[in-house]
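Each chain is listed here by its residues.
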Amino acid sequence: MWKDKRPILFGGDYNPDQWDDAVIEEDMRLFEQAGVNLLVLPVFSWAKLEPEEGRYEFAWLDHILNKIWEHGIHVFLATPTSAQPAWLSKKYDDVLPVDIAGRKRTHGMRVFFCVNSVHYRERARALAEAMAERYRDFPGLAGWHVANEYGTYCYCENCQRKFRDWLRRRYGTVEELNSRWHTSFWGRTVYDFDEVMVPDERNDDYRFAPAVQLDYMRFVTDSTIECYENEAEVLKAATPHLPVFTNISGFIKKLNQFEMVPHMDYAGWDNYPAPTDEPAFPAFKHGIMRAARDGAPFLVAEQSPNQQNWQPYNKLKRPGEIRRIAYQGLAHGADSSLFFQMRQSVAGQEKFHGAFIAHCGANSRIFREACALGQELHKLGDAFTGSRIHARTAIVFDWENWWALELTSGPTQDMDYLKQVFRYYRAFYAQNIPVDIVKTSTDLSGYDLVLTPLLYMIKPGFAEKLRTFVEKGGTAAATYMSGRADENDRCIFGAYPGPLRDVFGVWVEETDALYPEESVELVMMGTESGFPEKRYEGRFLCDLFHTDTAEVAAVYGKSFADGKEQDCFYTGMPAFSVNAFGEGRAYYIGCEPDDRFLARFIARICREKGITPLFPVEGEIELTCRENENGRFVFAISHGKETGKVHLDGDGACPGKRYFDLLREKEVSGTYVIAGGDVAVLKEL
Ligand SMILES: [Zn+2]
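All chains use their own residue numbering, which begins from 1 and follows the written sequence. Totals for whole chains, interfaces and linings use all residues, but because this is a predicted model, local features are given only for residues with pLDDT of at least 70 and pairs of side-chain atoms are given and counted only at 80 or more. Note that the side-chain values use all heavy atoms of the structure and ignore hydrogens as well as water.

Asker: Quick one: what's the story with the side chain of Arg123, residue by residue and with numbers?
Answerer: What counts as a helix is a DSSP run of H or I of at least four residues, what counts as a strand is a run of E of at least two, and both are numbered from the N terminus. Position of Arg123 among the secondary structure elements: in helix H5 (residues 118-135). Relative accessible area serves as the criterion here: at 13%, Arg123 is assigned to the buried category. Whether two residues are in contact is decided by their heavy atoms: any pair within 4.5 Å suffices. Excluding residues within four positions of it along the chain, Arg123 makes contact with Trp46, Glu50, Glu53, Gly54, Tyr56, Trp87 and Leu88. Buried residues are those whose accessible area, probed at 1.4 Å on protein chains only, stays under 20% of the maximum for their type, while exposed residues exceed 50% and partly exposed ones sit between those limits.

Rendered as structure tokens:
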């Protein structure tokens, strides 16, 4: 077992209960050849481990685990509780979920149980106890992986009962519930908690009441955390020295991962970029996952070694693509590069999903690339594991704000919080300026620059925190749709951005929704430096706002539809402003500006704070820097076809001039030339 520091974890999901001994032997030989050091199993094998209630069959798993360890490969042992056996669904009526349409679902799907089911939890815990007892001293055990990709919503009677209890605990009295939910609108007053129904499709009022929906999403998140803890606490008690976590599925918006992940020893997330995603998008998602445990290293728990099978069009990974995806995860704070899956299954729903070892066997392009990656990661060892990224800039992302903003009816059907926040992230990313995604609970005092795009929901304490941040000299930037509602989605009376009005020195009177074909000019007043062009373009939503103390930096100009000028009654009103507040500055952006504006804006506010790109680059090169007790590590990833350059001697956040190229094992300095599609890890000397 790894004694102190762990190397980069490399390997992934292995489902050997499908194979005979000969195949498993062959797999072990190939895994060793590929430099695999970790396997995750048996994720879906509850039916095989407990064929009837209370009768466990561990011999087959003992046999496989011993074989794996004979080859020096560690395991994350998975409690296989995301796929309950048929006998459990059949025997206990509370196990299968009731869907949003009120239909009791049938057995056969994975991650398909009621997270509040008493019998599910009893049997899952008993299995976790049996596994902990049996394998706690297994020398190859590196950690516990609980279940898989939680995310089922249930609307059964048991959930309804528990939801009422949850509300009672949260609000105490029905009067408080009525106030928080503002039930006087549409006469939905509740006289007793027993009158609260789950917001399913049988109940249109609740289904479309954002306050009820928000609380149901919070309740399901809390129920899922309890369900996870039900197993995790058993495992933690048996092996307190080992990490326990579950893999979270990419971006399951409906579970608040910022609430769940702090209960785990790792944020372990499944990274499946769509073939059409630009490289900045998975980088952004890594940033969100890094935020879940406040900047701690995370795990890439799954990624695809080749095509997926569930996208509309399942593109093959291009030569070199797996390597770039793997290094991008590491560059943004991951300590692993784990894949789904190790060997392609013969049949089933994911039989065409890519694997290290495909149906054709190991004589394949993908297996050769996996081997090359494994050798490289082996060479890197534990040099930068445990390291962190240090950024002076932050973008606030709030999971419940995501829910509330998109539950709201109006002002536009195109609201997409993730996409909107991404535009601001991308402006930093494009300039290789390190940026942290942070939660509303994060201490902002360590940052110089904080952006709060579309922060519609202002939770208690946040406005005060941002106010103090700006007062003490920080630069803040907010946008349209800011400061509109409290945590129960009750709108703020007075004017938006509510409690932040004095910080930004503006008040919003109205918001206009633009059709997708419409745009409006942003005409600069010439007061802000760094905007060489006079006119930029705005789209999506336009706040019609007034300034209290802020200075107007741009106004709305002409309006267009499909390129033709049209009347606009708010031409000449403020569109972009800056307010001096305390020792800091607070910018307000009234509409969704174009990328040109954002690039200028981010460059301008960073320059003002002395924040520079990591290094000057030529070409499409992504740079990050991680730091631990061994020093600083610069990651360079070329996403272009052409040769690029990193000027290691240029002005940048890293003061050192000499580096050691860990992959090529040589000292480098000056201009570092990187081939199109290549990667580099440079240790500062
Ligand atoms: Zn339920």
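So that's the structure; there's more coming.
Asker: Hey, could you go over the domain arrangement of the protein chain for me, with residue numbers and the actual values?
Answerer: Boundary definitions for the domains trace back to an automatic or database domain assignment. Segmenting the protein chain into domains produces domain 1 (1-36 + 266-386), domain 2 (393-608) and domain 3 (617-684). Distance from the C-alpha centre of domain 1 to the C-alpha centre of domain 2: 38 Å. At the junction of the two partners, domain 1 supplies 16 residues and domain 2 supplies 14 residues. Together, the buried faces of domain 1 and domain 2 total about 1,200 Å²; carbon and sulfur atoms form 69% of this surface. On the domain 1 side of the interface with domain 2, the three residues burying the most area are Ala280, Phe284 and Ile288, jointly 41% of the side's total. Salt bridges are counted wherever a side-chain nitrogen of Lys or Arg sits within 4 Å of a carboxyl oxygen of Asp or Glu. Along the contact surface separating domain 1 from domain 2 lie three salt bridges. What gets called buried area is simply the loss in accessible area from a 1.4 Å probe that two parts show on being joined, summed for both.

Asker: An account of the layout of surface pockets is needed here, citing residue identities and associated values.
Answerer: Buriedness for pockets is judged along seven lines, at least five of which must meet protein on both sides within 12 Å for an open set on the 1 Å grid over protein atoms alone, while cavities are sets there where a 1.4 Å probe fits but cannot get out, and lining residues have an atom within 4 Å of a point. Grid points are joined across faces, edges and corners, and a volume is the space filled by probe spheres set on the points. Of the volumes computed, that of the largest pocket is approximately 1,300 Å³. At six residues, the largest contribution of residues to the lining of the largest pocket is made by helix H9 (residues 210-238). Each residue is assigned to one of three groups, with Ala, Val, Leu, Ile, Met, Phe, Trp, Tyr, Cys and Pro labelled nonpolar, Asp, Glu, Lys and Arg labelled charged, and all others, Gly among them, labelled polar. Grouping the constituent residues of the lining of the largest pocket by class yields 27 nonpolar, nine polar and twelve charged. Taken together, 38 residues make up the lining of the second largest pocket; nearest its centre are Phe44, Arg110, Phe340, Gln349 and Glu350. Elements with a minimum of two residues in the lining of the second largest pocket: helix H2 (46-49), strand S7 (268-271) and helix H11 (280-292). Per-element accounting of the lining of the second largest pocket gives the leading share, three residues, to S7.

Asker: Give a description of the sheet that holds strand S5 (residues 244-245) that names residues and reports values.
Answerer: Sheet architecture is open: six strands sit in the order S5-S4-S3-S2-S1-S9, paired in parallel fashion. Lying at the two open borders of the sheet, with one neighbouring strand each, are S5 and strand S9 (336-339). Criterion used throughout: strands pair if DSSP finds at least two bridges between them. Where strand S4 (residues 141-146) meets S5, two bridges bridge the pair, whose relative direction is parallel. Along S5, the bridge assignment pairs His145 with Phe245. Strands strand S1 (9-13) and S9 of the sheet are contacted by helix H13 (residues 365-380), whose axis makes an angle of about 140° with S1. Angular values range over 0 to 180 degrees, each being the angle between N-to-C directions of two axes fitted as lines to C-alpha atoms, with helices fitted over their stretch in contact.

Asker: Can you explain helix H16 (residues 462-471)? Please cite residues and give values.
Answerer: The periodicity of an α-helix, 3.6 residues per turn, causes residues three or four positions apart to be oriented the same way. What H16 keeps buried is the set Phe462, Ala463, Leu466, Arg467, Phe469 and Val470. The buried residues of H16 all sit within an arc of 160° when viewed along its axis, so they share a single face. Those residues of H16 that are buried lie in contact with strand S11 (393-396), strand S13 (449-452), strand S14 (475-479), helix H17 (501-504), strand S20 (574-581) and strand S21 (584-589). After H16 finishes, the residue Gly473 shows a positive phi value of roughly 115°. Summarising the geometry, the arc corresponds to the directions from the helix axis toward the C-beta atoms.

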